[in-house]
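An overview of the molecular structure
Here are the chains, one letter per residue:
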Amino acid sequence: MRSLLNRFRPRKLSPGNINGNGVRKLDAKEGPPKNADESAAIVEELNQTFDVSLAQMKNISEQLKKEMQKGLNQEGATVAMLPTFVSGRPTGEEKGRYLALDLGGTFLRVCEVDLCGNKEFKIQQKKYKVPLTLKEGDFRDLCDFIAECLDNFIAELNATGSILSSSLSSDANVATAAGSSSNNSTHDISSGSSNNGVEPSPIEKYQLGFTFSFPLFQTDINRGVLKQWTKGYSCTNSVHEDVVEMLQDAFLRKQVPVNIAAIVNDAVGTLMALAYSVPETALGVILGTGTNACYYEKIKDIKKWDGGETLNDEMVVNTEWGAFDCERLVLPLTVHDRKVDRESLRPRQQMFEKMISGMYLGEISRNVILHLIDRQIIFDGYSSNDFNKQHSFDTAYMSSIELDNSPDLQETRHILEDVLSIPSTSLMDRQLVKSVCEIVGRRAARLSACGIAAVLKQSNLVTSGCTIGIDGSLFEHYPCFEANMMQALKDMFGPYISYKVKFSLARDGSGLGAAIVAMLAHKNSQKAASSGAPTATSSSVSPSVAEEKEQTQPITDDEEKKTPKEESNIEASEFDDKQQDIKITNGNGKIPNQEDNKEQPDHKDKEQDIQKE
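Residues numbered from 1 in each chain as written. Predicted model: local features only at pLDDT ≥ 70, side-chain atom pairs only at ≥ 80, totals over all residues. Heavy atoms only, no water.

Put simply, the rule reads: UniProt positions are given in the numbering used here, feature names are shortened, and annotations may be inferred rather than shown by experiment.
Going by what an unreviewed UniProt entry lists, the protein chain is known as Phosphotransferase and is assigned to Circinella minor. Under the UniProt heading Sequence similarities (unreviewed entry), the note attached to the protein chain is "Belongs to the hexokinase family."

Written as structure tokens, this is what we have:
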């Protein structure tokens, strides 16, 4: 018993209380640092806690590659490796008008995309706020709402000819445009259908790509069974049902002349959005509120594929890498990561995502800061009710703090004292908080690079090289995130990798990308119909929809209606990459000066816009 008590007894610092690197181990009862050297020792301790060494990065990427191969070979793997039924690559010369729907956590966005050829396009869009009653009601009612919004959008297009459009040149990396009527208000969609009750022929129908970023078992290019709701949705009569079929039925009821040609994952949309203007794009990555990746895989290497013959020899695979290492074999989890996971809605799931995505980085940092408070290292040992709340420290705050280069860190003081109600902070306190943000953010970037390295090796692109389309406000806005990722790739592959592999911002995968997938799906179906060649259908996919319903664990009504704190809070954050308004871009890909109408975080004070460093 005495030895057990001694184990938890506070220890005095002594010359022996030094680790192998010559850095002092801090006692749990130690107070605030008395000088810069002691502060540096605390920072070094944090660096060691969150360090991802070269050996660890190589081990992580190799393990992820093994898990990817397992997912290609069999159903039920941790890294699911889902065939998307998207085959073929855009050339940038395709032409035509297509529609896109993006159902996000707060808004429904409707887009018309005009592919002009020569790697140029125009986009028109409008946003409709989804009422809470529809997010929690019968899914049929939500489908009717979507149909009415889409019909309203088409009617407005027909009436005005054009809302607003912008075309881009072939060298543009940022390829998005926005309608002048885009806003965060709920539009009146009660005017009814605009086609006078006449059902158009299939040839007259618009072809639409539907971005549906919820867990889905896809059974064809335009078929998918919902596994569960996230992002605050809990619609009834929807789980284990084909959401595309239900939405298409709503279009028929409302007489909306639209055919859902494809259901699209946000990572796939990101890949396609950039590939139209940069054909050498081979990977699509999401680094924002959540994380995911997709890439082209040879169909012969997708051993579990049983979907019949295809028109192309490769298909886009959705990795679902956010679930990687739920077994906790290789990821360098700290006590803070374990606490965040334990308090999350789904413990021991999405471990990779919980260490690198915008939804969780702020919470990891908050727990580290609370640990320093408990040790009386910062803030004189005082926290606040606001700061003690789960997910109160947004990842957007981390970014603002990292960008704060004022002599006394005034922006950091404002966030801590004015927004989060910390009683008082010293300059040394604020410097330590800034170090926490830098260290947690850098680890996230290095782990993200491990994921990219695994996909590059799996697809044999390390030597040949490629462009990687990346979407998400973490990549776009977080200071040094891109540079830290590239440095990690250099550490693993050598400096030459920066000449082979390029990162490129690929905004609006949910709009432009979804429309391009709809275009590819429509053209493939036309080719198959004209040649009489067999194509993959839902009836030939293994497992079947019925089998999937049996295999998927049932979700109770209470679970469906539960809105996790992390999801509801992050929807209001600047790091909700699905809710950012799209800026108008000009022909050279630069964004002209105009007021940015982003959603504002639900904070006491309006936070400053985050600019990419």
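Back to the write-up after that little detour.
1. Thoughts on the overall build of the protein chain
To be explicit about the condition: Numbered from the N terminus, helices here are DSSP runs of H or I no shorter than four residues, and strands are runs of E no shorter than two. Each residue is assigned to one of three classes by its accessible area relative to the maximum for its type, calculated with a 1.4 Å probe on protein chains only: buried under 20%, partly exposed between the two thresholds, exposed over 50%. By definition, residues are in contact when any of their heavy atoms lie within 4.5 Å. Only the protein chains shown count as cover for residues, with accessible areas throughout obtained via the Shrake-Rupley method and a probe of 1.4 Å.
Summing up its helical and strand segments, the protein chain has 21 helices and 13 strands in all. Residues counted as buried form 59% of the 613 residues belonging to the protein chain. Within the protein chain, contacts between residues at least 6 apart in sequence are counted, and of these 73% link residues at least 24 apart. For the protein chain, the exposed surface amounts to about 25100 Å²; the carbon and sulfur share of it is 47%.

2. Some words on the sheet that holds strand 11 (residues 314-318)
Pairing between the strands of a sheet is mediated by backbone hydrogen bonds and can be parallel or antiparallel. Selection rule: When DSSP finds two or more bridges between a pair of strands, those strands are recorded as paired. Axis definition: a line fit to C-alpha positions, over the contact stretch in the case of helices; interaxial angles, taken between N-to-C directions, run 0 to 180 degrees.
Read from one edge of the open sheet, six strands run 1-11-10-9-12-13, paired in mixed fashion. Bordering the open sheet on either side are strand 1 (82-83) and strand 13 (501-505), each of which pairs with just one other strand. Pairing of strand 9 (residues 281-287) with strand 12 (residues 466-471), which is carried by five bridges, proceeds in the parallel orientation. Across the sheet, Gly284 pairs through a bridge with Gly469, a residue of strand 12. Where helix 7 (residues 266-275) meets the sheet, it contacts strand 9, strand 10 (291-298), strand 11, strand 12 and strand 13, and its direction lies at approximately 135° from that of strand 9.

3. Re the environment of Phe139
When you line up the elements, Phe139 lands in helix 5 (residues 139-160). As for Phe139 and Ser234, which are separated by 95 residues in sequence, their C-alpha atoms are 8.9 Å apart.

4. Here we look at the packing of aromatic side chains
To be explicit about the condition: Between the rings of Phe, Tyr and Trp (Trp by its six-membered ring), a pair exists once the centres lie within 6.5 Å; its type follows the angle of the planes, with under 30 degrees stacked, over 60 edge-to-face, and the other angles tilted. Geometrically, a charge over a ring is one whose NZ (Lys) or CZ (Arg) sits within 6 Å of the ring centre while staying within 35 degrees of the ring normal.
Tallying each qualifying case throughout the model produces 15 aromatic pairs. Their ring planes at 65° and their centres at 5.3 Å tell us that Phe85 and Trp305 sit as a pair that is edge-to-face. Of the two residues, Phe85 sits in the loop between strand 1 and strand 2 (95-103) while Trp305 sits in the loop between strand 10 and strand 11, which places them 220 residues apart along the sequence. An identical accessibility class is assigned to Phe85 and Trp305; each is buried. Taken together, a centroid distance of 6.0 Å and an interplanar angle of 55° make the contact between Phe393 and Tyr397 tilted. Judged by its relative accessible area of 1%, Phe393 falls in the buried class. Three or more aromatic residues link up through ring pairs in this structure, and these residues are Phe139, Phe210, Phe212, Phe214, Trp229 and Tyr233. Against the face of Tyr296 rests Arg89, its NZ or CZ located 3.8 Å from the ring centre. The ring of Tyr233 carries the charged tip of Lys135 above its face, separated from the ring centre by 5.1 Å.

5. What about the packing of helix 12 (residues 395-402) against helix 14 (residues 427-458)?
When two helices pack together, their arrangement is captured by the angle between the axes and the distance separating the axes. What counts here: Comment on the angle field: the value is read as roughly parallel under 35 degrees, roughly antiparallel over 145, roughly perpendicular from 65 to 115, and oblique elsewhere. In this scheme the handedness of a crossing depends on how the near helix is turned from the far one: anticlockwise by less than a right angle means left-handed, clockwise means right-handed. Just so you know the grouping, Ala, Val, Leu, Ile, Met, Phe, Trp, Tyr, Cys and Pro go in nonpolar, Asp, Glu, Lys and Arg go in charged, and all remaining residues, Gly too, go in polar.
Axis separation between helix 12 and helix 14 bottoms out at 9 Å; the angle between their running directions is 115°. The angle between the axes of helix 12 and helix 14 places the two elements in the roughly perpendicular class. Once helix 12 is placed against helix 14, the crossing between them reads as left-handed. Contacts between helix 12 and helix 14 involve Met398, Ile401 and Glu402 from the former and Val433, Lys434, Cys437, Glu438, Val440 and Gly441 from the latter. Taken together, the residues of the contact of helix 12 with helix 14 break down into five nonpolar, one polar and three charged.

6. As for the nonpolar core
We count it as follows: In plain words, nonpolar cores are sets of buried Ala, Val, Leu, Ile, Met, Phe, Trp, Tyr and Cys residues tied together by side-chain atoms within 4.5 Å.
Within the largest apolar cluster, 120 residues are counted, with the highest numbers of intra-cluster contacts made by Ile468, Met485, Leu489 and Phe503. Among the elements that take part in this core, helix 14 stands out by supplying 16 residues, more than any other. When sequence neighbours within four positions are dropped, the list of residues in contact with Phe503 reads Ile452, Ile468, Ile470, Phe475, Glu482, Met485, Met486 and Leu489.

7. As for helix 10 (residues 358-374)
Rules: Multiplying one less than the number of residues by 1.5 Å gives the expected span of a helix.
If you check helix 10, its first and last C-alpha atoms are 25 Å apart, about what 17 residues at 1.5 Å a residue would give, namely 24 Å. Counting buried residues in helix 10 gives 15 out of 17 residues, a clear majority hidden from the surface. Once helix 10 finishes, Gln376 follows within two positions and takes phi at roughly 60°, a positive value.

8. Notes on unusual backbone geometry
Backbone geometry places Asn237, a non-glycine residue, at a positive phi of 55°. Note that Asn237 resides in the loop between strand 7 (223-226) and helix 6 (243-253). Positioned with a positive phi, Gln376 is a non-glycine residue whose angle comes to about 60°. Structurally, Gln376 can be placed in the loop between helix 10 and helix 11 (385-388).

9. Re the pairing of strand 3 (residues 107-117)
Counting buried residues along strand 3, 10 of its 11 residues qualify, which places the element largely inside the surrounding structure. Sheet topology note: the strand 2/strand 3 ladder contains nine bridges and is antiparallel. When the sheet's bridge partners are listed, Leu99 is paired in strand 3 with Glu112. Counting the residues in the hairpin turn of strand 2 and strand 3 gives three residues. With 10 bridges connecting them, strand 3 and strand 4 (residues 120-129) associate as antiparallel partners.

10. Digging into the sheet that holds strand 8 (residues 258-264)
Judged by pairing direction, the sheet is mixed, and its five strands sit side by side in the order 4-3-2-5-8 without closing on themselves. Each edge of the sheet is formed by a strand with only one pairing partner; in this case those strands are strand 4 and strand 8. Averaged over all pairs of adjacent strands, the angle between strand axes in this sheet comes to 25°, irrespective of strand direction. Where strand 2 and strand 5 (residues 206-212) come together, five bridges link them in parallel fashion.

11. Some remarks on the pairing of strand 5
The buried count for strand 5 comes to six of seven residues, which makes it a mostly enclosed element. Note: strand 5 against strand 8, six bridges, orientation parallel. Within strand 8, the position partnered with Thr211 by the bridge is Val264.

12. So, helix 7
Since the α-helix turns once every 3.6 residues, residues separated by three or four places project in the same direction. Let me state the cut-off plainly: Polar contacts, as used here, are pairs of N or O atoms within 3.5 Å; protein pairs need one atom able to donate a hydrogen and one able to accept it. Residues neighboring in sequence count only if both atoms are side-chain atoms.
Among the 10 residues in helix 7, 10 count as buried, and that is most of the element. With a side-chain oxygen lying 2.7 Å from the backbone nitrogen of Ala267, the N-terminal cap of helix 7 falls on Asn265.

13. Comments concerning the environment of Arg413
Along the chain, the position of Arg413 falls in helix 13 (residues 410-419). Residues Arg413 and Leu427, 14 residues apart in the sequence, show an inter-C-alpha distance of 8.5 Å. Here Arg413 is in contact with Asp418, Thr425 and Arg430, once residues within four sequence places are set aside.

14. Observations regarding the pattern of salt bridges
Spelled out, the test is: Should a side-chain nitrogen of Lys or Arg be within 4 Å of a carboxyl oxygen of Asp or Glu, the pair is scored as a salt bridge.
Under the criterion given, the structure shown has 23 salt bridges. Where Glu112 meets Arg97, a salt bridge forms, and the shortest distance between an N and an O atom there is 3.3 Å. Within this pair, whereas Glu112 is found in strand 3, its partner Arg97 is found in strand 2, the two being separated by 15 residues in sequence. Assessed through its relative accessible area of 6%, Glu112 is described here as buried. According to the relative accessible area criterion, Arg97 is partly exposed, its value standing at 49%. Via salt bridges that share partners, Arg97, Glu112 and Asp114 belong to a single interconnected network.

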